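Chain residues, written in single-letter form:
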2 protein chains.
Amino acid sequence: MATKSGYLFGSTSQSDPARAAKRPSHEAADPAHPDDPVIPDIVIRRLPIYLRALDSFIIHGIASVNSEELASAIGVTAAQIRRDLSYFGRFGKQGKGYDIQLLTGEIHRILRLDRSWSVALVGYGNLGQAIVHYGGFVPTTFSIDAIFDRNETVGQVVNGITVHDSADITPVVSELGIRIGIIAVPEVSAQKIADQLVAGGVSAILTYAPIVIKAPDHVTVREVDPIGAMQSMTYYIEE
Amino acid sequence: MATKSGYLFGSTSQSDPARAAKRPSHEAADPAHPDDPVIPDIVIRRLPIYLRALDSFIIHGIASVNSEELASAIGVTAAQIRRDLSYFGRFGKQGKGYDIQLLTGEIHRILRLDRSWSVALVGYGNLGQAIVHYGGFVPTTFSIDAIFDRNETVGQVVNGITVHDSADITPVVSELGIRIGIIAVPEVSAQKIADQLVAGGVSAILTYAPIVIKAPDHVTVREVDPIGAMQSMTYYIEE
DNA sequence: GGCTGTGAAGCATTTCACAGCG
DNA sequence: CGCTGTGAAATGCTTCACAGCC
């Protein structure tokens with residue numbers, strides 16, 4: 001359905017602009033929470049950051065934090081944290097703060113990270129291989145269950161799964177019921193790959209290709225754009 | 001000095017929150033353009049996207065576009081493009097639109113991409129290697145001129161440059177006059193690496209480590225966070 | 001007493017809509 | 001006549017500030 005925020009395109013993501021009527025639309029597709037007061041996408045994108053900070057507190061053996069402490073760990077204001085969380089419920093205790101274990105659980109539930117998600121990776125070149133072997137995926141709830149590419153890598157077995165030909169994206173993704181796709185192919189083929197993923201039933205796409213991926217409204221697209229990030233930082237470098 | 005926008009942390013970046021007084025502060029450091037009416041960081045972060053779209057038009061042999069065409073190629077509104085560009089000058093022609101060659105040149109100048117920038121890469125594991133071998137860097141104005149790591153990779157020669165020991169970041173970066181650093185090391189060492197880079201004179205940091213990097217105000221930090229992007233997309237996946 | 005949750009206020013960004021130039 | 005550039009309006013997000021619960 002509709003979309004969210006739109007200040008910039010998010011850390012990623014994009015889409016059509018003034019499509020229907022308003023909503024600058026981009027990155028986000030409609031929430032699977034039609035009833036909610038429509039939570040800003042910006043808030044949704046901050047939740048993973050809160051999660052990381054909470055993890056860090058847990059590791060340090062801390063059991064509860066107040067909004068002030070959490071805020072300074074992340075680099076935002078305490079009011080923002082309280083406001084963000086208030087969109088979803090009342091997780092704190094006056095005079096106390098937030099129980100970290102509890103809050104972590106709530107955020108996981110909100111983001112639907114309290115289950116595991118199958119992911120399809122398209123493109124098994126340098127980047128794709130780095131993604132597969134990246135340890136950072138392990139502690140998360142995502143598991144790469146299908147890999148696609150063309151050329152010689154097809155047929156190769158990685159982590160127990162066979163690299164399929166990109167031509168089979170739609171049927172394989174559909175068969176496996178995969179809802180998340182990662183695009184790690186060159187720009188020229190990115191849009192086509194996205195279309196195939198969508199046709200296979202994917203509704204969330206993370207793309208590393210530096211182009212604006214067009215997708216239906218119900219598909220969320222986020223873009224990882226290190227080059228763009230660098231190109232915008234040079235603006236601020238003082239000589 | 002100060003900072004920019006702050007809606008989320010940008011596609012990346014972050015920093016302290018209510019540091020001085022207001023400005024949510026984050027990602028951006030003061031512009032090297034103290035006189036300008038202070039351009040929103042969000043606008044700066046969109047310029048690389050405009051650049052990509054313009055490139056694509058050039059490749060297709062198109063010489064000029066109006067705001068409407070450019071907008072629909074990117075997925076934003078025409079008004080936004082006109083407003084964004086108006087922060088920097090008047091690059092269009094009424095009744096005509098924008099000359100692509102000219103506009104590309106102007107944006108390059110604005111972002112200071114009309115020169116080449118030396119970059120230091122810290123971390124030469126899977127990710128670091130993928131970054132070095134990533135073709136996407138070639139057509140840009142960035143060149144990795146120093147690589148750092150620990151362990152066995154030290155001393156190895158890559159693309160003509162030797163992998164230095166991370167202990168030497170500060171002196172080497174300083175010696176080479178490098179102003180941009182890329183952090184591709186595990187979370188635990190990321191902050192320390194950032195400190196070393198800053199001590200060496202770096203004022204723009206692109207980090208792949210999923211933690212909030214603290215840096216002085218004059219340093220711009222942008223974060224690439226694929227895991228966070230995925231964790232926030234699951235919110236929208238409809239069953 | 002401390003700290004959350006939240007109206008209301010304050011800002012920032014986007015969009016409208018149109019005067020006016022080429 | 002088309003399309004830019006831009007006041008002014010609209011929208012959206014963040015921060016203030018405080019009532020009220022633990």
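## Remarks on the overall build of chain A
Scanning chain A for helices and strands turns up 8 helices and 10 strands. The proportion of buried residues among the 239 residues of chain A is 49%.

## Some remarks on the domain arrangement of chain A
Partitioning chain A into domains gives domain 1 (41–111) and domain 2 (117–225). The C-alpha-based centres of domain 1 of chain A and domain 2 of chain A are spaced at 31 Å.

## Description of helix α1 (residues 41–59) of chain A
Over its 19 residues, α1 of chain A extends 28 Å from the first C-alpha to the last, a length consistent with the 27 Å expected when each residue adds 1.5 Å. Within two residues after α1 of chain A, Gly-61 of chain A carries a phi angle of roughly 75°, on the positive side.

## Remarks on the sheet that holds strand β6 (residues 157–158) of chain B
Residues and elements named next belong to chain B. Spatial ordering of the open sheet is given by β6-β7-β5-β4-β8-β9-β10, a layout of 7 strands whose pairing is mixed. Among the strands making up the open sheet, the edge pair consists of β6 and β10 (220–223). In this structure, strand β9 (residues 204–207) lies alongside β10, joined through 4 bridges in parallel fashion. In the sheet register, Leu-206 faces β10, and the bridge partner there is Arg-222.

## Focus: helix α1 (residues 41–59) of chain B
The set of residues buried in α1 of chain B consists of Asp-41, Ile-42, Ile-44, Arg-45, Arg-46, Leu-47, Pro-48, Ile-49, Tyr-50, Leu-51, Ala-53 and Leu-54 of chain B. Against the buried residues of α1 of chain B lie α8 (226–233) of chain A together with α2 (67–74), α3 (78–86) and α4 (100–111) of chain B.

## A few points about the sheet that holds strand β2 (residues 92–93) of chain A
Hydrogen bonds along the backbone pair up the strands of a sheet, which may run parallel or antiparallel. Residues and elements named next belong to chain A. If you trace the 3 strands from one edge of the open sheet to the other, you get β1-β3-β2, paired in antiparallel fashion. Each edge of the open sheet carries a strand with a single partner, namely β1 (64–65) and β2. Strand direction decides the pairing type here: β2 and strand β3 (residues 97–99), joined by 2 bridges, are antiparallel. Bridging from a neighbouring strand, Lys-93 pairs with Gly-97 of β3. Strand contacts of helix α4 (residues 100–111): β1 and β3, with the helix running at about 75° to β3, the strand carrying the most contacts.

## A closer look at the packing of helix α6 (residues 169–176) of chain A against helix α7 (residues 187–199) of chain A
The geometry of a pair of packed helices is captured by two quantities: the angle between their axes and the separation between those axes. All names here are of chain A. α7 packs onto α6 with a crossing angle of 35° between their chain directions and a minimal axis gap of 7 Å. For the pair α6 and α7, the sense of crossing is right-handed. Together, Ile-169, Thr-170 and Val-173 of α6 and Ile-193, Gln-196, Leu-197 and Ala-199 of α7 make up the contact between the two elements. Of the residues assigned to the contact of α6 with α7, the class counts are 5 nonpolar, 2 polar and no charged.

## So, the nonpolar core
Core analysis: the largest hydrophobic core is formed by 132 residues, its most contacted members being Ile-183 and Ile-205 of chain A together with Ile-183 and Ile-205 of chain B. Take this core: its biggest share by element is 9 residues, from α1 of chain A. What Ile-205 of chain B contacts, discounting residues up to four positions off in sequence, is Gly-181, Ile-183, Ala-194, Leu-197, Ile-213, Ala-215, Val-219 and Val-221 of chain B.

## Considerations on the pairing of β9 of chain B
Residues and elements named next belong to chain B. The side-chain alternation of β9 yields two buried faces, one formed by Ala-204 and Leu-206 and the other by Ile-205 and Thr-207. In the sheet, strand β8 (residues 180–183) pairs with β9 via 4 bridges, with the strands oriented parallel. Its bridge partner lying in β9, Gly-181 is registered against Ile-205. At this point the chain moves from β8, through helix α7 (residues 187–199), to the parallel β9, and the crossover so formed is right-handed.

## Notes on the packing of α1 of chain A against α4 of chain A
All names here are of chain A. Contact geometry of α1 with α4 gives a least axis separation of 10 Å together with a crossing angle of 150°. One way to sum up the angle between α1 and α4 is to call them roughly antiparallel. Both α1 and α4 take part in a crossing whose hand is left-handed. Mapping the contact onto sequence places Leu-47, Tyr-50, Leu-51, Leu-54, Phe-57 and Ile-58 in α1 and Ile-100, Leu-103, Thr-104, Ile-107, Ile-110 and Leu-111 in α4. In terms of residue class, the contact of α1 with α4 is made up of 11 nonpolar, 1 polar and no charged.

## Considerations on unusual backbone geometry
A positive phi angle, close to 60°, is found at Asn-151 of chain A, a residue other than glycine. Position of Asn-151 of chain A relative to the elements: it lies in the loop between β5 (142–149) and β6 (157–158).

Conventions adopted
Residues numbered from 1 in each chain as written. Chains lettered and ligands numbered in written order. Predicted model: local features only at pLDDT ≥ 70, side-chain atom pairs only at ≥ 80, totals over all residues. Helix = DSSP H or I, 4+ residues; strand = E, 2+ residues; numbered from the N terminus. Buried ≥ 20, exposed ≤ 12 C-beta atoms within 10 Å, placed from the backbone. Domains from an automatic or database assignment. Expected span 1.5 Å × (residues − 1). Pairing = 2+ DSSP bridges. Contact = placed C-beta atoms within 7 Å. Axes fitted to C-alpha atoms, helices over the stretch in contact; angles between N-to-C directions. Left-handed = near helix turned anticlockwise from the far one by under 90°. Nonpolar A, V, L, I, M, F, W, Y, C, P; charged D, E, K, R; others polar. Core = buried A, V, L, I, M, F, W, Y, C linked by C-beta atoms within 7 Å. Right-handed = clockwise from strand over helix to strand, strands pointing away. Parallel < 35°, antiparallel > 145°, perpendicular 65-115°, else oblique.

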